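Structural overview
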Amino acid sequence: MVSSTASSEPNSGAIVSVEDLQKTYRSGWLGRGQVQALRGVSLRAERGQVFGLLGPNGAGKTTLIKVLLGVIGSSGGRASLFGLAAGSATARRRVGYLPESLRIDRHHTARTALRYYGRLSGLDGAAIRSRSDRLLDLVGLAGRDRESVRRFSKGMLQRLGLAQALMHDPDLLVLDEPTDGLDPVGRSEVRGVIERLRDDGKTIFLNSHILHEVELVCTHLAIMASGRVLATGPLAALRAGQLDENAESANGRKIIETEFSLPADVPAGAFLRQALGEGECEPTGPIYLADPPIRTLRHGDESADHRAEITGVNQADIDRLVDAIRAAGGSLMAMTPQRVTLEDTFMRLVQQASTARTS
Ligand code: ATP
C-alpha cells in the first residue's frame, strides 16, 4: 500500500494552513476591473484527513488550490504546506497533484506514462518499477498496464492520473474536481481509490462542487461561497449542523421544531420574533410557523396550539423562548432538534451568503 513519509513540520500536524488568504484578479479592459476570488479564507487540514473544499461554481476553490501549489501568488494573508511557504520548491516536492483535466499523451500505456512521470519526479529505474507496480495495483490497472491509454475510459484515465500524482510518494495529495465529468461507474472507481488512500492514512485535499461525492469520501471539509469559508470542521459535525463557532454566520446553532400553546389573543408569529429577537442571541435563520395553528380554539378553551420550526437557535435562544412561553401564560408541549443533512447545511449557508451579498 502507499505510505506517507514521516515529516517534521513544526505546525503540530497542520499539513495545510491558510490564514486570512486574499486573492484579487485583475480583469477586463487593460486589467482595470477586479475580481475578489478569495476574501480572507482561513482553514487548516491535518495529517491523515481527507479535506474537501465544497462550494458552488465561482466560490474560489480552484484559486485556493492554485495558491497552495504556487501556480499563482496571493494578494494577502498566509498559506503554508507542512509549515513551509506554499509554492516554495521544498513544499511543492512533497505534494502530488491531479489537475482537473490531466492530458496523458495517447501514445503511452499506463506503465510508460508512470515511467515518464516517475522520471520527471527524479526517480531512478528501480524505484519507478516498484512504485509503478504498487500504484497500478492500488488504482486497479495492474492487468491493463501494457494497453494503450487510447482504449482507456475516462474513469481509467483518472485512476492513472491518481497513480501519477502518487509516484514520488507525496505527503499530500491535491485533487482538483477528481470525479467531475465521469459517469457513475467512473466516479465510483475513483472514489474507491480515494477511500483506499484515506484508509491508508494519506492526507488528501480535494475540491468539488458535488456534495454527494464530498460526503462519501471526506473526513473534514470547508464550505466556501463567494471567496469565503462559511463553515469548516469534521464532516460528521457539519452534517449535524454543529458548525464551527468561528465560521461566519454559523455559530454552532441548531434547527428545532417546537409545539407550544399561547393564550388565544397572543399572535404567535409576533410573539416568537419578540421572544427570540430580544436577547443578545437570536436565530440566524427563518422561523416557519404552522398557519393556521395546529389546534384551533374550542369553546371554553382560551388557548391555541402552534407548531414552529426555528432555524439557527442556540441554547440561550431556547431557554429564552421557554421562559417567554411560560411568562405569557402558555405551555411548552414539545421541543425536538431536527436532523440536519449536509445538504441542508450547505444550502442554508450558501443562501445566507448570497442574501448577505445582495442586501
Ligand atoms: P468552479 O467550480 O466553477 O471551478 P471555483 O470555486 O473553482 O469555481 P474559481 O475558479 O477559483 O472558483 O473562481 C473564483 C472567482 O474568480 C470567479 O468569479 C472567477 O470568475 C474568478 N477568476 C478565476 N480565475 C480568474 C482569472 N484568471 N482572472 C479573473 N478572474 C478569475
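Here, the structure is the one placed above.
First, a word on what this report is: a plain description of the structure on this page. None of these values were measured; they are calculated from a predicted model.

Criteria and thresholds
Residues numbered from 1 in each chain as written. Predicted model: local features only at pLDDT ≥ 70, side-chain atom pairs only at ≥ 80, totals over all residues. Heavy atoms only, no water. Helix = DSSP H or I, 4+ residues; strand = E, 2+ residues; numbered from the N terminus. Salt bridge = Lys/Arg side-chain N within 4 Å of Asp/Glu carboxyl O. Buried < 20%, exposed > 50% of the residue type's maximum accessible area, 1.4 Å probe, protein only. Expected span 1.5 Å × (residues − 1). Arc of directions from axis to C-beta. 1 Å grid on protein atoms, 1.4 Å probe; cavity = no way out; pocket = protein on both sides within 12 Å on 5 of 7 lines; lining within 4 Å. Points joined across faces, edges and corners; volume = space filled by probe spheres on them. Nonpolar A, V, L, I, M, F, W, Y, C, P; charged D, E, K, R; others polar.

Before going further, it helps to spend a moment on unusual backbone geometry. With a phi close to 50°, D20 is a non-glycine residue in the positive phi region. On the secondary structure map, D20 appears in strand β1 (residues 14–27). Here F82, not a glycine, exhibits a phi torsion of approximately 55°, which is positive. Along the chain, F82 turns up in the loop between β4 (76–81) and β5 (84–85).

Any two side chains of opposite charge can pair, on the condition that their charged atoms come close. For the structure shown, the criterion picks out 16 salt bridges. Here D133 and R111 are joined by a salt bridge, their closest N and O atoms 2.7 Å apart. Of this pair, D133 sits in helix α4 (residues 125–138) while R111 is found in helix α3 (residues 110–120), placing the two residues 22 residues apart along the sequence. Assessed through its relative accessible area of 14%, R111 is described here as buried. Connected via shared salt-bridge partners are R111, D133, D145 and R146.

What follows is about helix α10 (residues 315–327). Along its 13 residues, α10 runs 18 Å from first to last C-alpha, staying within 8% of the 18 Å computed at 1.5 Å per residue. Those residues of α10 that sit buried are D317, I318, L321, A324 and I325. Around the axis of α10, the buried residues are gathered within 130° of arc, so they sit on the same side. Seen from the buried face of α10, the exposed residues on the opposite side, beyond 90 degrees, are D323, R326 and A327. G329 sits one or two residues past α10 and shows a positive phi near 85°.

Here we come to empty space enclosed by the protein. If you roll a probe as big as a water molecule over the atoms, it shows you where there is empty space left. Taken as a whole and judged by the stated rule, the model has 1 cavity of 30 Å³ or more. Computed from the structure, the largest cavity encloses a volume of approximately 60 Å³. Listed by contribution, the elements that provide at least two residues to the lining of the largest cavity are α6 (184–199), β8 (203–208) and α7 (211–217). In the lining of the largest cavity, the residues fall into 5 nonpolar, 3 polar and 4 charged.

What is shown is where atoms sit, not what they do.
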